[in-house]
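# Examining the three-dimensional arrangement
So the chains spell out like this:
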Amino acid sequence: DVIEGRRIPAGCRITGYEYVNAALGTSVTMTLKVGDTTIGTAIACATAGQAYVPVANVDITADSVFTVTVGGAAATGALTVRLIYEYVGTL
């Protein structure tokens, strides 16, 4: 399942993400993308967890949608994902 989140405007810089998840089920993973750029791949969500994950700066040059793809198995439970970004302006 692909879950569309917030539209990130051009001129923003992604610096990380944080998540909190309930135990979503055996083999459940999530992959995070902004537009075509993957910022987190196959993050295990089988057991409950939380984390803050810094990423190498990703500069958004065109409006992009933040998506979470849940895969691996049917997910049950709650998942909260927050994208950490700042507005730096367009060049």
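Below you will find a few notes about this structure. (Residues numbered from 1 in each chain as written. Predicted model: local features only at pLDDT ≥ 70, side-chain atom pairs only at ≥ 80, totals over all residues. Heavy atoms only, no water.)

Glancing now at the sheet that holds strand β2 (residues 12-21). Pairing in this open sheet of three strands is antiparallel, and the strands run β5-β2-β7 from one edge to the other. Each end of this open sheet is capped by a strand with a single partner; those strands are β5 (49-59) and β7 (79-87). Pairwise comparison of adjacent strand axes, ignoring direction, gives a mean angle of 15° for this sheet. As defined by bridge partners, β2 adjoins β7 across nine bridges and the pair is classed as antiparallel. Residue pairing for β7: Tyr17 is matched across the bridge by Leu83. (Pairing = 2+ DSSP bridges. Helix = DSSP H or I, 4+ residues; strand = E, 2+ residues; numbered from the N terminus. Axes fitted to C-alpha atoms, helices over the stretch in contact; angles between N-to-C directions.)

Grouped together as the largest cluster of nonpolar side chains are 20 residues, with contacts concentrated most on Ile14 and Ile39. Secondary structure elements with two or more residues in this core: β2, β3 (29-34), β4 (37-44), β5 and β6 (64-71). Not counting residues within four places of it along the chain, the set of residues in contact with Ile39 comprises Ile14, Tyr17, Leu32, Lys33, Val34, Val55, Val58, Phe66 and Leu83. (Core = buried A, V, L, I, M, F, W, Y, C linked by side-chain atoms within 4.5 Å. Buried < 20%, exposed > 50% of the residue type's maximum accessible area, 1.4 Å probe, protein only. Contact = heavy atoms within 4.5 Å.)

Time to look at the packing of aromatic side chains. Summed over the entire model, instances satisfying the criterion amount to one aromatic pair. Both rings, one in Tyr17 and one in Tyr19, keep their centres 6.5 Å apart while their planes meet at 25°; by these two values the pair is stacked. Summarising the burial analysis for this pair, Tyr17 and Tyr19 share the class buried. (Phe/Tyr/Trp six-rings, centres within 6.5 Å; stacked < 30°, edge-to-face > 60°.)

Sheet topology note: the β2/β5 ladder contains eight bridges and is antiparallel. Looking at the pairing, Asn21 lines up with Gly49 of β5.

Time to look at unusual backbone geometry. Phi is positive for Ser27, close to 75°, though the residue is something other than glycine. Tracing the sequence through the fold places Ser27 in the loop between β2 and β3. Even without being a glycine, Ala42 presents a positive backbone phi close to 50°. Its location among the elements puts Ala42 in strand β4.

On to the pattern of salt bridges. For the coordinates displayed, the defined rule picks out three salt bridges. With a shortest N-O distance of 2.6 Å, Arg13 and Asp59 are connected by a salt bridge. A residue pair is termed long-range when its members are at least 10 positions apart, and Arg13 in strand β2 and Asp59 in strand β5 qualify at 46 residues. Here Asp59 falls in the partly exposed class, since its relative accessible area comes to 43%. A salt bridge links Glu18 to Arg82; its shortest N-O distance comes to 3.6 Å. Residue Glu18 is located in strand β2, and its partner Arg82 is located in strand β7; the two are separated by 64 residues in the primary sequence. Relative accessible area serves as the criterion here: at 43%, Arg82 is assigned to the partly exposed category. (Salt bridge = Lys/Arg side-chain N within 4 Å of Asp/Glu carboxyl O.)

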